[in-house]
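# Residue-level structure breakdown
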Amino acid sequence: MPIIDAIGQGGLPCLDLTNRFGSARIYLHGAHVTNWTPTGGSEMLWLSARSFFAAGKPIRGGIPVCFPWFGGHPSDPNQPAHGFARLRSWTVSARSDLADGSTKVTLTLVEDATSRTAWPHAFRAELTLTLAQTLTVALTVTNTDAAAFSCEEALHTYFAVGDIEGTTVDGCQGRAYVDKAGGGAVERRDEAEVIRFTAETDRFYPATPGPHLITDAATGRRIRVAKHGAQSTVVWNPWIAKAAKMPDYGDHEWPGMVCVEAANAGSDRLHLAPGASATCATTLEWVH
Ligand code: BG6
């Protein structure tokens, strides 16, 4: 029985997927993937030991789903960062075991009175997780409203690494980016061969198709991050001072993770006419 209903941390319901390709866990809370271990490998995703697992709070690690805005709310600073999708309980709408041995599950979120107070639009968001040789997470947003809307989204993947200081990310060479580290937002162009991490790193790369390759010298592990329908890439590590300020992030955990996020945000935000849909997906592959 490859898809099992389970109770996860904090008593939150989740689904455990297991097949010949590996295993994965997804919480209904936020449609949040927290674990992925390919067969023969170890855990690929990072999850903070200090994460909250509670209604109304985001899980720190795994793959948060950011929607319908990325970062701060466009006009209301009292709204939660990265939208409400990661704070809500989603509904399991489909699950199947495919003939090739892979496993697929879809979770759905639609508008309600609460979401309308933060974002006054009717929508359907479907998150499909496919556990195959690769792990694919696809977010399809449909405008079910009578008027057009704009939105932002991200699959905010936290990868486990042995040591951030020996980790590189490629696929951003020559791209312009917004450097959000240090409080300001400065436009730069990435002239380096690969991204290396020596301080807080918070970069938003618009119009960057990928794929990206994460190379972790400490463990010798490489993970390929392909994107489909995701124009933006975000690369993040909070480093020491920012880690210390986050209540759901251990002070000494920062060397063990890097976020490489598939997004449509800022100048790449989506514009959806009534009835229109768009899919943003990321495919993770352990390269060995
Ligand atoms: C990244 C942003 O995507 O997410 C960072 O670029 C942010 O600015 C980080 O700090 C984590 O956000 P949050 O809301 O999960 O703490």
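The preceding data block contains the structure.
Computed from a predicted structure; not experimentally measured.

## Digging into the nonpolar core
Ranked by internal contacts, the top residues of the largest apolar core, which has 69 residues, are Ile26, Trp90, Leu127, Leu129, Leu135 and Val258. Non-local contacts of Val258, meaning those with residues more than four positions away in its chain, are made with Thr157, Tyr158, Phe159, Val161, Ile164, Thr167, Val169, Phe197, Ile214 and Trp236. Core analysis: the next-biggest nonpolar cluster, separate from the first, contains eight residues, Cys66, Val178, Val234 and Ala263 among them.

## Digging into the packing of aromatic side chains
Aromatic ring pairs are described here by two measures, namely the spacing of the ring centres and the angle between the planes. Enumeration according to the criterion identifies twelve aromatic pairs in this entry. Ring centres of Trp46 and Tyr158 lie 5.6 Å apart, and the angle between their planes is 20°; this geometry places the pair in the stacked category. One end of the pair, Trp46, is in the loop between strand E4 (32-38) and strand E5 (65-66); the other, Tyr158, is in strand E12 (residues 158-160), and 112 residues separate them in sequence. Taking the centre distance of 4.7 Å and the plane angle of 70° together, the rings of Trp119 and Phe149 count as edge-to-face. On the criterion of sequence distance, the pair formed by Trp119 in the loop between helix H1 (113-118) and strand E8 (123-131) and Phe149 in strand E10 (residues 149-151) is long-range, its members being 30 residues apart. Classification of Trp119 as buried rests on a relative accessible area of 7%. Overall, Phe149 belongs to the buried group, its relative accessible area being 3%. The rings of Phe67, Trp69, Phe84, Trp119, Phe123 and Phe149 are connected pair by pair, giving a single aromatic cluster.

## Some remarks on the side chain of Glu153
With respect to the element layout, Glu153 can be found in strand E11 (residues 153-155). No salt bridge is formed by the buried Glu153, whose closest oppositely charged neighbour, Lys227, lies at an N-O distance of 10 Å. Looking at Glu153, its side chain comes within polar contact range of the side chain of Asn264, at 2.8 Å. The contact partners of Glu153, leaving out residues within four places of it in the chain, are Cys66, Phe67, Leu139, Val141, Ala262, Ala263, Asn264, Leu270 and Cys280.

Definitions and limits used
- Residues numbered from 1 in each chain as written.
- Predicted model: local features only at pLDDT ≥ 70, side-chain atom pairs only at ≥ 80, totals over all residues.
- Heavy atoms only, no water.
- Core = buried A, V, L, I, M, F, W, Y, C linked by side-chain atoms within 4.5 Å.
- Buried < 20%, exposed > 50% of the residue type's maximum accessible area, 1.4 Å probe, protein only.
- Contact = heavy atoms within 4.5 Å.
- Phe/Tyr/Trp six-rings, centres within 6.5 Å; stacked < 30°, edge-to-face > 60°.
- Helix = DSSP H or I, 4+ residues; strand = E, 2+ residues; numbered from the N terminus.
- Lys, Arg positive; Asp, Glu negative; His and termini not counted.
- Salt bridge = Lys/Arg side-chain N within 4 Å of Asp/Glu carboxyl O.
- Polar contact = N/O pair within 3.5 Å; in protein donor to acceptor, adjacent residues only side chain to side chain.

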